[in-house]
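# Residue-level structural notes
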Amino acid sequence: MRKIIGVILLFIVLSLLIFYAHFYLTQSSYQQSFNKIKDHQKVQISLGDAKMWVEIVNSKQSRVNGLSKRSEIGSDGMLFIFEEKQRLQFWMKEMSFDLDMIWLADGQVIEITENVKALKNSVKTDELQTYSPQHLADMVLEVNSGDSKKLNIKIGDKIKVIK
């Protein structure tokens, strides 16, 4: 009886070790592929079945500026990368075009905020509407309004760096 219990416990421990090793290795390769990218570098990514060129913003100042004061995105999108998952808040300060915001956590789409309107009038900073996902996120991909549907991006799609 003791041998059977010992074998069962050994099986459980080995199963847990394999699960955690797989989870750790998956997380590490995902994080490593994005950690090597420099601020404002353009890279090709895949998101679900879509392939696109995006500008990376991963410094504090670049994330604050985002697409403000630009007349266009300049690529297929802008990917905001944060060091860890957190409650993100984005606004449309000094924006001149509408956006879709694609929220990601651990390399996967968790929510999509479509057709976020550019502000028509000058609004005080403390009166700006903010946009947030319902869950913690570590990336936000901003694309032109309607592109998330055109590209068939959906919840659960995974992001990968191609080039």
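Up top is the structure these notes are about.
Residues numbered from 1 in each chain as written. Predicted model: local features only at pLDDT ≥ 70, side-chain atom pairs only at ≥ 80, totals over all residues. Heavy atoms only, no water.

## Focus on the sheet that holds strand 1 (residues 42–47)
Just so we agree on the cut-off: Strands are treated as partners if at least two bridges between them are detected by DSSP. Only DSSP runs of H or I reaching four residues or more are called helices, and only runs of E reaching two or more are called strands; each is numbered from the N terminus. For helices, the fitted line uses only the C-alpha atoms of the stretch in contact; every axis is such a line through C-alpha atoms, and the angle between N-to-C directions lies from 0 to 180 degrees.
Strand order across the open sheet formed by seven strands is 5-4-6-3-2-1-7, with mixed pairing between neighbours. Only two strands of the sheet have a single neighbouring strand rather than two, namely strand 5 (108–116) and strand 7 (159–161). Along the sheet, successive strands turn relative to each other by an average axial angle of 35 degrees, direction set aside. Both strand 3 (residues 77–86) and strand 6 (residues 137–144) contribute to a ladder of five bridges, which runs antiparallel.

## Considerations on the packing of aromatic side chains
Keep this limit in mind: Each Phe, Tyr or Trp ring (for Trp, its six-membered ring) is paired with any other whose centre lies within 6.5 Å, and the angle between the two planes then decides the class: stacked below 30 degrees, edge-to-face above 60, tilted in between. Relative accessibility under 20% of the residue-type maximum defines a buried residue, over 50% an exposed one, and the middle range a partly exposed one, all with a 1.4 Å probe and only protein chains included.
In total, this model carries three aromatic pairs according to the counting rule given. Between phenylalanine 82 and phenylalanine 90, the ring centres sit 6.3 Å apart and the planes meet at 70 degrees, which makes this aromatic pair edge-to-face. Accessibility classification places phenylalanine 82 together with phenylalanine 90 in one group, the buried group. Pairing phenylalanine 90 with tryptophan 103 gives two aromatic rings, centres 5.6 Å apart and planes at 85 degrees, and the pair type is edge-to-face. Residue phenylalanine 90 is located in the loop between strand 3 and strand 4 (99–105), and its partner tryptophan 103 is located in strand 4; the two are separated by 13 residues in the primary sequence. Comparing phenylalanine 90 with tryptophan 103, the two get one shared label, buried. Put simply, the rings of Phe80, Phe82, Phe90 and Trp103 pair up and form one aromatic cluster.

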